[in-house]
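Listed here are the chains, written in short residue letters.
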Amino acid sequence: MDAANESSEGSPFILLGLTTNPSQQRPLFMLFLVLYVAGILGNGLIVAAIRASPALYTPMYFLLAHLSFADLCFTSVTVPKMLANLLAHNRSISLAGCLTQMYFFFALGVTDSCLLAAMAYDRYVAIRHPLHYATRMSRAMCTALVGTAWLVSHVHSLLHILLMARLSFCASHQVPHFFCDHQPLLRLSCSDTRHIQLLIFTEGAAVVVTPFLLILASYGAIAAAVLRLPSAAGRLRAVSTCGSHLAVVGLFYGTVIAVYFQPTSRYEAERGRVATVMYTVVTPMLNPVIYSLRNRDVQGALRALFTQRRISGADS
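Within an unreviewed UniProt entry, the label attached to the chain reads Olfactory receptor, and the organism entered is Bos mutus grunniens. Listed in UniProt under the heading Sequence similarities (unreviewed entry), the comment for the chain reads: "Belongs to the G-protein coupled receptor 1 family." If you open the UniProt record of the chain and go to Subcellular location (unreviewed entry), you find "Cell membrane".

In C-alpha cells:
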C-alpha cells in the first residue's frame, strides 16, 4: 500500500459545512432543524395515512408512499450530520463513514428520481388511457416499477462507491461541503478521476436525465389531454396541479443536473452547497405538500388516522 492510500485511510475528512462563520451557525441550525422536522413529519404522516386507509390502496398512493419513505430516508442521510456539525467543534468523518453516507445518498436520490418518473407515468395512463388503467397499472406493475427503482438505484450507488473507494486522497482532507458528496471529494483526490467522471456523464445520465425526460413527455401528453377538457374550471384546476408538480420536479432535477453534470474542474463549492440544499432538504419537504397534503382523500385519511388514535388513547 502506498503512502497516499495510507494517508487516505488513516486521516479523517473534515466537513466544513455550510459556513465557518460562528455567527451564522445557530441561525442556520434553527432554519434547517425546522425544515428537517417539517419534512420528516410530512413524509411520515403520508406513509402512515396511506398504510392505514384502505381507500388509498391505489397505484397512485402506493407509489406516493414509497416516494415519501424514500424522501424521509434521503434527508436523514445528510441533514442530522449537518445539524450536528453546525454546533460541534469536531466535524470529522472517517473514510468508511464518508463512503457509507455517499452510498445511501446516491441510492435514495436515484430512487426518488425513478419514483417521480413512475408517478408521472401513472398520471399519464390515468388521463390518456382511463379504460385500460386497471390493467396497465395493476398491483404487479406497480410492484415491478418500485422494485426496479430500488434495484437500479442501489446498483448505481454501489458502482460509484466501488470506484470512489479506490481513490487516493493525498492533499487536504477538508471537504467544503456539509456531507460527503463526490464532486468535492474528487477535487481532493490525487488519483486519476477521469473514469469516475465518465461514469457520471454516461451511467449517471441514464438514471437521472432519462427519468426527467420521461416526466416531461408524460406531462406534455397530460397537458394536451387537459386542454381538451370541456370545463374551464377543470382545465384551470388541472393546469394548477400539473404546474406545481413540474415546479418541484424542475427544482429537483435542475439542481441535480447543475451540480453533477459538469467537469470537476469547474465545480464551485459555494454554488454546489446552495444547489445541494435544494434537492436534499427543500424538495423532500415540498413533495408531501405538492403531491398529497392538498388532496382531499389524503386529508380525510389523516383526519381518520388522528381520530382513531385519540379514540384508542381514550379507550386505554
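On we go from here.
K.L.:
A description of the pattern of salt bridges should follow, citing residues and the corresponding values.
P.N.:
Inspection of the entire model under this criterion finds 2 salt bridges. In this structure, Arg 123 and Asp 122 form a salt bridge, with 2.8 Å as the shortest nitrogen-oxygen distance. In this structure, Arg 194 and Asp 192 form a salt bridge, with 2.8 Å as the shortest nitrogen-oxygen distance. Arg 194 gets classed as exposed once you look at its relative accessible area, which sits at 62%.

K.L.:
Before we move on, can you summarise empty space enclosed by the protein with the specific residues and values?
P.N.:
All told, the structure shown has 2 cavities of 30 Å³ or more when counted by the stated rule. Lining the largest cavity are 18 residues; nearest its centre among them are Phe 106, Val 110, Val 208, Val 256 and Tyr 260. At the level of secondary structure, the elements contributing two or more residues to the lining of the largest cavity comprise helix H4 (95-128), helix H6 (139-164), helix H8 (194-226) and helix H9 (232-260). With 5 residues, the single largest contributor to the lining of the largest cavity is H4. Residues belonging to the lining of the largest cavity are distributed by class as follows: 12 nonpolar, 6 polar and no charged.

K.L.:
Residues and numbers for the packing of H4 against H6, please.
P.N.:
Direction vectors running N to C along H4 and H6 enclose 150°, while the axes themselves pass 8 Å from each other. Regarding the angle of H4 to H6, the classification is roughly antiparallel. In the packing of H4 onto H6, the handedness of the crossing is right-handed. By residue class, the composition of the contact of H4 with H6 is 20 nonpolar, 6 polar and no charged.

K.L.:
Lay out the sheet that holds strand S3 (residues 174-175) in plain terms, naming residues and giving numbers.
P.N.:
Strand order across the open sheet formed by 3 strands is S2-S1-S3, with mixed pairing between neighbours. Single-partner strands in this sheet number two, and they are strand S2 (92-93) and S3.

K.L.:
So what's going on with the environment of Ser 189? Which residues, and what values?
P.N.:
With respect to the secondary-structure elements, Ser 189 resides in the loop between helix H7 (182-188) and H8. Classification of Ser 189 as buried rests on a relative accessible area of 13%. A C-alpha to C-alpha distance of 8.9 Å links Ser 189 and Ser 172, two positions 17 residues apart in sequence. Setting aside residues up to four positions removed in sequence, Ser 189 forms contacts with Leu 167, Ser 168 and Phe 169. A polar atom in the side chain of Ser 189 sits 3.0 Å from the backbone oxygen of Ser 168.

K.L.:
Describe the layout of surface pockets, listing the residues and the values that go with them.
P.N.:
One number sums up the size of the second largest pocket: a volume of about 260 Å³. If you trace the second largest pocket, you find 14 residues lining it, with Cys 114, Ala 117, Ala 118, Leu 145 and Leu 214 closest to the centre. Breaking the lining of the second largest pocket down by element, the ones donating at least two residues are H4, H6 and H8. Per element, the largest residue contribution to the lining of the second largest pocket is 6 residues, and it comes from H8. Of the residues in the lining of the second largest pocket, the class split is 11 nonpolar, 3 polar and no charged.

K.L.:
Let's hear about the state of the cysteines: which residues, and what values?
P.N.:
Counting across every chain of the model gives 1 disulfide. The side chain of Cys 98 participates in a disulfide bridge whose partner is Cys 180; the two sulfur atoms lie 1.8 Å from each other. Every disulfide takes its handedness from the sign of the S-S torsion; for Cys 98 and Cys 180 that torsion is -115°, giving left-handed. Within this pair, whereas Cys 98 is found in helix H4, its partner Cys 180 is found in the loop between S3 and H7, the two being separated by 82 residues in sequence. The exposure class assigned to Cys 98 is buried, which follows from its relative accessible area of 1%.

K.L.:
Describe the packing of H6 against H8, naming the residues involved and giving the relevant values.
P.N.:
Direction vectors running N to C along H6 and H8 enclose 175°, while the axes themselves pass 11 Å from each other. Viewed along their axes, H6 and H8 adopt a mutual orientation that is roughly antiparallel. Contact with H6, carried on its side by Val 152, His 156, Leu 159, His 160, Leu 163 and Met 164, involves His 195, Ile 196, Leu 199, Ile 200, Glu 203, Gly 204 and Val 207 of H8 and no other residues of that element.

K.L.:
Describe in detail a nonpolar patch on the surface, supporting the description with residues and values.
P.N.:
Side chains of Leu 213, Leu 216 and Leu 246 sit close together on the surface and give an oily, nonpolar patch of about 250 Å² of accessible area. Structurally, Leu 213 is set in helix H8.

K.L.:
Can you lay out the side chain of Thr 255 for me, pointing to particular residues and giving the numbers?
P.N.:
Mapped onto the elements of the fold, Thr 255 is located in helix H9. A polar side-chain atom of Thr 255 sits 3.1 Å from the main-chain carbonyl oxygen of Phe 252. Not counting chain neighbours up to four residues away, the residues in contact with Thr 255 comprise Gly 250, Ala 275, Met 278 and Tyr 279.

Parameters at a glance
Residues numbered from 1 in each chain as written. Predicted model: local features only at pLDDT ≥ 70, side-chain atom pairs only at ≥ 80, totals over all residues. Heavy atoms only, no water. UniProt positions renumbered as here; feature names shortened; annotations may be inferred. Salt bridge = Lys/Arg side-chain N within 4 Å of Asp/Glu carboxyl O. Buried < 20%, exposed > 50% of the residue type's maximum accessible area, 1.4 Å probe, protein only. 1 Å grid on protein atoms, 1.4 Å probe; cavity = no way out; pocket = protein on both sides within 12 Å on 5 of 7 lines; lining within 4 Å. Points joined across faces, edges and corners; volume = space filled by probe spheres on them. Helix = DSSP H or I, 4+ residues; strand = E, 2+ residues; numbered from the N terminus. Nonpolar A, V, L, I, M, F, W, Y, C, P; charged D, E, K, R; others polar. Axes fitted to C-alpha atoms, helices over the stretch in contact; angles between N-to-C directions. Parallel < 35°, antiparallel > 145°, perpendicular 65-115°, else oblique. Left-handed = near helix turned anticlockwise from the far one by under 90°. Pairing = 2+ DSSP bridges. Contact = heavy atoms within 4.5 Å. Polar contact = N/O pair within 3.5 Å; in protein donor to acceptor, adjacent residues only side chain to side chain. Disulfide = S-S within 2.5 Å. Patch = residues over 30% accessible without salt bridge, like charges linked within 9 Å, V, L, I, M, F, W, Y side chains within 5 Å. Areas by Shrake-Rupley, 256 points an atom, 1.4 Å probe, with all protein chains shown as cover.

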